[in-house]
Amino acid sequence: MSLIKLTKVKKVYKSGVVAVQELNLTINKGEFVFVIGSTGCGKSTLIKMLYREEKPTSGSIVLGGIEVSKLRNSKVFKIRRKIGVVFQDFKLLERATVYENVAFALEIFGLPKGEIHHRVIKSLELVGLKNRSKNYPNQLAGGEQQRVAIARAIINGPKLLICDEPTGNLDEDTSKEILSVLEEINKLGTTIVMVTHDRDIVRRMNKRVILMDAGRVLKDYKEGEFANESI
Amino acid sequence: MKAFRIIGRNIRDSFKSVFRNFALSLASVSSITITLIVVAISLVLTYNVNHTAEIMADNIEIVVFLEKGITEEGIASVDEQILSLENLETHIYKSKSEIAEEYMGESEVFAAIMATWDEEENPLQDTFIVKVSDTNLISDTADEITEIEGVVAVNYGKGMVEQLLGFFEIIKNGSILAVGALILVTAFLISNTIKITIFSRRKEIDIMRLVGASNINIKIPFILEGLFLGIIGAIIPIGLTIYGYYRLYDFDLSAIMPILELVPPTPFVYLISGILLAIGVGVGTFGSWRAVRKHLKI
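Everything quoted here is computed from the prediction, not taken from an experiment. (Residues numbered from 1 in each chain as written. Chains lettered and ligands numbered in written order. Predicted model: local features only at pLDDT ≥ 70, side-chain atom pairs only at ≥ 80, totals over all residues. Heavy atoms only, no water.)

Description of the overall build of chain B
Line of reasoning, step 1. For chain B, the count of helices and strands is ten helices and four strands.
Line of reasoning, step 2. Walking chain B from its N terminus toward its C terminus, one meets helices and strands in the order α-α-β-α-β-α-α-β-α-β-α-α-α-α.
Line of reasoning, step 3. When the 298 residues of chain B are sorted by exposure, 41% land in the buried category.
Line of reasoning, step 4. For chain B, the share of sequence-separated contacts (at least 6 apart) that also reach a separation of at least 24 residues comes to 83%.
Line of reasoning, step 5. Summed over all atoms, the accessible surface of chain B reaches about 16300 Å², with 64% contributed by carbon and sulfur. (Helix = DSSP H or I, 4+ residues; strand = E, 2+ residues; numbered from the N terminus. Buried < 20%, exposed > 50% of the residue type's maximum accessible area, 1.4 Å probe, protein only. Contact = heavy atoms within 4.5 Å. Areas by Shrake-Rupley, 256 points an atom, 1.4 Å probe, with all protein chains shown as cover.)

Spelled out as structure tokens, the structure:
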């Protein structure tokens, strides 16, 4: 059953740059998909359109039954509540503790304190940071900061977790840790779409891989197919 | 319950933000405070000038002097014609002997001199004291009375009354203009404070958007922050108004400005305080709403 369906999606920026064209793609519920390609191939534009930071110039993007491309700016929050997003630069609040950073995503919805506490602890447990809840981001290592960002992204129980180069700033061992956390989340039923430059990680994980080039899907590798690729 | 928790969180965040950007908040609060002090002074001045003007208007009289040796019939005829005036509120007749008696009661010197006059020698004139319903038309009414047969002259302080009323009008309009300009400047200053707050909290706003906060969710704390700045800024002017006006009322002003009649402090000071608070809240909210609308394009 598909969670994401892109049909003939095209994105042309105001500058005239064609970032994505003739893009047709279906991602099913529970999948773990890597999106790879050289710089400027359109992979970042693709995921920005998924969480509706960008609007496609033409075509259709359906996410969990909602036509994202037609969503008005004032209604974007409706789709954002169903997805989690993780970035290369973590995007944490420096003046808030780990606990507060994760709780932040629930507080704005007015959830009771007890429920917030329960869910924050559960989320931090899942990423292995329960004992660091009182620390501030600058007291944590890069990998730990990224795990806080993941804990925040999954706290609302999203159907989809979008990861934009989450290991871009991390060393190999830490990257492995992050990937194992993501795999764990995926096993619990969350669909994951991850953009990365790191081909080694992609090979090791044996997941579906979408190779993009010049704004199109160059090749769509099924699970296990990419391991032997030399590109 | 959920709505209360969201409102509670917004209020807490807005309050925190006021103190987080302390220097900026202080600038805005000081500006509101100064503006509201000027507003308070202007309001107190305008209300009191109006009050005094109303009292004066109530007391303006036209003294109508009748011909020397006018007959009873002549007086009755003048009386009838005054009665037919459109702008008439009240009128009473005072004979020269009644006036002489009044004067004699007021001063011993007068009394001594007047005691030597008999009815024939009394140099005073029989008069009518006329009060008009619209003081702005007093000049026309006085002219009409002059035309009546048996009237030799009228007196109502021509020129002086018009000048005084004109002066009061200038004070009133000048105050409104100054207050308006100051309110506008303050609104822009608050707008600027909120703009800087928005920029300093860009990251937080981005994260809020990412985790699915609605536009209202994001905007309300900033608007509340402006509102709080307005309320904080109104505290000192309100205190000063209440304390200052009671002191002013107790102080004997009649020696300096004998014509000024102060409005009694209760409930006047509370009315002024309410207006100040409303202006503070209004200016604060408007300023922050403007900044949010302009700089928080989400």
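Right, picking up where we left off after that structure.
Some words on the interface of chain B and chain A
Line of reasoning, step 1. Chain B puts 19 residues into the contact, and the matching count from chain A is 24 residues.
Line of reasoning, step 2. Summed over the three residues of chain B that lose the most area to chain A, namely Ile207, Leu210 and Val211 of chain B, the buried surface amounts to 31% of that side.
Line of reasoning, step 3. Taken together, chain B and chain A are joined by one salt bridge.
Line of reasoning, step 4. We note a salt bridge from Lys203 of chain B to Glu94 of chain A, for which the minimum N-O separation is 3.5 Å.
Line of reasoning, step 5. Among the secondary structure elements, those contributing two or more residues to the side of chain B that touches chain A are α1 (2-20), α8 (202-210) and α9 (215-250) of chain B.
Line of reasoning, step 6. Classifying every residue of the side of chain B that touches chain A by side-chain character gives seven nonpolar, four polar and eight charged. (Buried area = accessible area lost by both parts, 1.4 Å probe. Salt bridge = Lys/Arg side-chain N within 4 Å of Asp/Glu carboxyl O. Nonpolar A, V, L, I, M, F, W, Y, C, P; charged D, E, K, R; others polar.)

Section: the sheet that holds strand β9 (residues 208-213) of chain A
All names here are of chain A.
Line of reasoning, step 1. Here we have six strands laid out as an open sheet, ordered β6-β7-β8-β3-β9-β10, and mixed in their pairing. With partners counted over all chains shown, the strands left at the sheet margins are β6 (83-87) and β10 (216-221), one partner each. If you compare each strand with its neighbour and ignore which way they point, the axes differ by 20 degrees on average.
Line of reasoning, step 2. Pairing of strand β7 (residues 160-164) with strand β8 (residues 191-195) involves five bridges; the strand directions are parallel. By the bridge assignment for β8, Cys163 is matched with Met194.
Line of reasoning, step 3. Against the sheet, helix α1 (residues 43-50) engages β3 (32-36), β6, β7, β8 and β9, with an angle of about 150 degrees to β7. (Pairing = 2+ DSSP bridges. Axes fitted to C-alpha atoms, helices over the stretch in contact; angles between N-to-C directions.)

So, the packing of aromatic side chains
Line of reasoning, step 1. Inspection of the entire model under this criterion finds seven aromatic pairs over all chains.
Line of reasoning, step 2. Ring geometry for Tyr51 of chain A against Phe87 of chain A: centres 6.1 Å apart, planes inclined by 85 degrees, an arrangement best described as edge-to-face. With Tyr51 of chain A in the loop between α1 and β4 (58-63) and Phe87 of chain A in strand β6, this residue pair connects regions lying 36 residues apart in the sequence. Of the two residues examined, Tyr51 of chain A and Phe87 of chain A, each falls in the buried class.
Line of reasoning, step 3. One aromatic cluster in this structure is built from Tyr47, Tyr245 and Phe268 of chain B. (Phe/Tyr/Trp six-rings, centres within 6.5 Å; stacked < 30°, edge-to-face > 60°.)

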